[in-house]
Amino acid sequence: MSATDAPLRVLAVDDEEPALEELLYLLGQDPRVGSVLPATTATEALHRLGRTPTDGPDGPEGAEGGPAVDVVFLDIDMPGRDGLELARLLGEFTAPPLIVFVTAHDDFAVRAFDLKAVDYLLKPLRKERFAEAVRRAAELVRAGQGPRPATAPAGPAPGLADQVPVELGGVTRFVPIADITYVEAQGDYARLHTRHGSHLVRVPLSTLEEQWRERGFVRIHRSRLVAFGRIEELRLDGGNVTVRIGDRILAVSRRNARELRDLLARHAAGSVRR
């Protein structure tokens with residue numbers, strides 16, 4: 001199978017769970033669709049893509065890495081950054097994904113096509129009309145007018161962007177990962193702590209652990225990751241182990257204590273040899 005004949009890589013974005021589930025179902029039924037990533041906000045969509053608006057032409061969305069997805073099926077009326085804003089942001093990438101808007105409002109159509117949308121679907125969705133939108137997107141990709149590179153190199157690993165998009169009062173801000181000192185799990189969310197405050201993102205701690213391992217984040221507790229380079233002290237008090245990061249004292253679970261001590265010892269030994 002050639003690169004252009006490969007199944008579509010799709011991102012589906014809708015803030016309403018029933019609508020998102022319907023999107024995922026319809027996409028899953030179409031043989032032209034391969035992988036599908038779900039997102040409920042523009043911020044989560046950026047997390048899924050592993051991208052930020054500050055990436056330049058040679059950054060993650062550039063020719064070397066290729067886009068993370070071929071097509072984005074995108075709701076318009078969403079809290080925070082809406083679908084039109086997200087589409088405008090995606091359009092700034094060197095190789096932007098194709099956009100198919102999926103909305104209950106017909107009054108955004110002119111603005112949508114100004115953003116070079118492939119199609120504009122109205123809710124409630126009809127299977128035949130939805131399949132036509134998929135067909136259009138697949139044909140554009142096959143014709144080389146979509147973002148899939150002809151050689152189809154693997155896209156960058158999600159989460160390797162240098163900044164994390166976070167929602168704050170309806171505004172999307174971008175927090176440098178280098179500024180994050182530790183992360184705490186809060187259900188399906190994670191709270192990112194910096195010297196200047198904290199931010200809640202809709203990403204499970206386990207996902208961040210996997211994505212940020214190469215950036216030096218280590219698990220010290222089932223509900224906590226720390227930036228290894230930010231640990232200032234390791235304290236042993238009887239059977240309890242804690243680490244100090246700035247003015248915060250964080251507990252280390254027994255399960256993670258030995259691994260952390262070994263890691264610190266190897267790091268210290270390496271520093272002495274140098």
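Description of the structure in this document. Everything numeric here is computed off the predicted structure, so don't read it as measured data.

What follows deals with the sheet that holds strand E15 (residues 248-252). Strand pairing in a sheet relies on backbone hydrogen bonds. The paired strands run either parallel or antiparallel. One open sheet accounts for 3 strands, arranged E13-E14-E15; its pairing is antiparallel. Only two strands of the sheet have a single partner each, and these edge strands are strand E13 (233-237) and E15. Along the sheet, successive strands turn relative to each other by an average axial angle of 30 degrees, direction set aside. Note: E13 against strand E14 (residues 240-245), 5 bridges, orientation antiparallel. By the bridge assignment, leucine 236 is partnered in E14 with valine 241.

This paragraph deals with the pairing of strand E2 (residues 33-39). Successive residues of a regular strand alternate their side chains across the two faces of the sheet. In the sheet, strand E1 (residues 8-13) pairs with E2 via 5 bridges, with the strands oriented parallel. Within E2, the residue paired with valine 13 across the bridge is alanine 39. Where the polypeptide runs from E1 across helix H1 (residues 17-29) and back to E2, its parallel neighbour, the crossover connection is right-handed.

Here we take up helix H5 (residues 127-142). Two residues of an α-helix separated by three or four positions point the same way, owing to the 3.6 residues in each turn. Along its 16 residues, H5 runs 22 Å from first to last C-alpha, staying within 8% of the 22 Å computed at 1.5 Å per residue. Listed as buried for H5 are Phe130, Ala133, Val134, Ala137, Ala138 and Val141. What you see down the axis of H5 is that its buried residues fit within an arc of 135 degrees, all on one side. The elements touched by buried residues of H5 are E1, H1, E2, strand E3 (71-74), strand E4 (98-103) and strand E5 (119-122). Where H5 ends, the next residue or the one after it, glycine 144, has phi of about 80 degrees, a positive value.

Thresholds, definitions, all that
Residues numbered from 1 in each chain as written. Predicted model: local features only at pLDDT ≥ 70, side-chain atom pairs only at ≥ 80, totals over all residues. Heavy atoms only, no water. Pairing = 2+ DSSP bridges. Helix = DSSP H or I, 4+ residues; strand = E, 2+ residues; numbered from the N terminus. Axes fitted to C-alpha atoms, helices over the stretch in contact; angles between N-to-C directions. Right-handed = clockwise from strand over helix to strand, strands pointing away. Expected span 1.5 Å × (residues − 1). Buried < 20%, exposed > 50% of the residue type's maximum accessible area, 1.4 Å probe, protein only. Arc of directions from axis to C-beta. Contact = heavy atoms within 4.5 Å.

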